[in-house]
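Now for the letters of each chain:
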Amino acid sequence: MYLELDAVFNNDGESLQISYEFSLDDENVVTPVRVEGSVYNKTGIVHLEANARFDYSTSCAKCNKPLLRHANVPVRHVLLTHAESDDNDEFIILDGVRLELDELVSEDIYLSIPSRFLCKDDCKGLCSICGTDLNFGECSCSAPADPRWDALKDLFSE
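Residues numbered from 1 in each chain as written. Predicted model: local features only at pLDDT ≥ 70, side-chain atom pairs only at ≥ 80, totals over all residues. Heavy atoms only, no water.

**So, the nonpolar core**
In this structure, V33 and L48 are the most contacted members of the largest nonpolar core, which totals 34 residues. Broken down by secondary-structure element, the contributors of at least two residues to this core are α1 (6–10), β2 (15–22), β3 (33–42), β4 (45–59), β5 (66–80) and α2 (101–112). If one sorts the elements of this core by residue count, β4 sits on top with six residues. Residue contacts for L48: discarding those within four places in its chain leaves I18, S38, V39, V75, R76, H77, L79, L99, L101 and L104. (Core = buried A, V, L, I, M, F, W, Y, C linked by side-chain atoms within 4.5 Å. Buried < 20%, exposed > 50% of the residue type's maximum accessible area, 1.4 Å probe, protein only. Helix = DSSP H or I, 4+ residues; strand = E, 2+ residues; numbered from the N terminus. Contact = heavy atoms within 4.5 Å.)

Given below as structure tokens:
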């Protein structure tokens, strides 16, 4: 979605409300991304404040249980039409007074999604030998002993 921000940039106190949906090209995002917020000019500084809400399908990093998570990503930026230097990450520098919002919101979403999810904080995962889910009890297999610990085992056997 493109936002024409000429009126917002040129008028102190002007605002533009945002409320729309778009599809994110990601197989794990299972609902359209709903974006709501506003772009406003406060004392000559143009702010973008919005929230992006969507459902995300993934699996637990330890036990591989399927998970469905609801995400609410804040989208907060200061918008400029020009700057002294391009090396500033604090501001979004626009080419003119037009903002391509889908791209900016997508970036914020990808930066906010954790690299791994857990079904619960104390997930025990799967047995590395038989694959039993250790959250439901101990497995019956015996894990092979690591030969690197044999020297320490001798210390406790005396």
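**Structural notes on the sheet that holds β5**
Strand order in the open sheet made by the five strands is β2-β3-β4-β5-β6, with mixed pairing throughout. The sheet is open, and its two edges are formed by β2 and β6 (91–93), each paired on a single side. Pairs of neighbouring strands in the sheet enclose a mean axial angle of 30 degrees, with direction left out of account. As paired strands, β3 and β4 are joined by nine bridges and run antiparallel to one another. Its bridge partner being in β4, N41 is matched across the sheet by V46. Running at roughly 125 degrees to β5, α2 makes contact with β2, β3, β4, β5 and β6 of the sheet. (Pairing = 2+ DSSP bridges. Axes fitted to C-alpha atoms, helices over the stretch in contact; angles between N-to-C directions.)

**Focus: the environment of N135**
Tracing the chain through its elements places N135 in the loop between α2 and α3 (150–156). Through-space distance from the C-alpha of N135 to that of C123 is 6.4 Å; in sequence the pair is twelve residues apart. Ignoring sequence-local partners within four residues, the contact set of N135 consists of C63, K120, D122, C123, K124 and G125. Here K124 takes part through its backbone nitrogen, which lies 2.8 Å from a polar atom of the side chain of N135. (Polar contact = N/O pair within 3.5 Å; in protein donor to acceptor, adjacent residues only side chain to side chain.)

**Side note on α2**
Taking 1.5 Å of rise per residue, the twelve residues of α2 would be expected to cover 16 Å, and the 17 Å separating its terminal C-alpha atoms lies within 8% of that figure. Backbone nitrogen of D102 and a side-chain oxygen of the N-cap are separated by 3.5 Å at the start of α2; the cap is E100. (Expected span 1.5 Å × (residues − 1).)

**A closer look at the side chain of S106**
As for its position among the elements, S106 is in helix α2. With relative accessibility at 13%, the residue S106 sits in the buried group. Only 2.8 Å separates the side chain of S106 from the backbone oxygen of D102, close enough to count as a polar contact. Excluding residues that lie within four positions of it along the chain, S106 makes contacts with F22 and L24.

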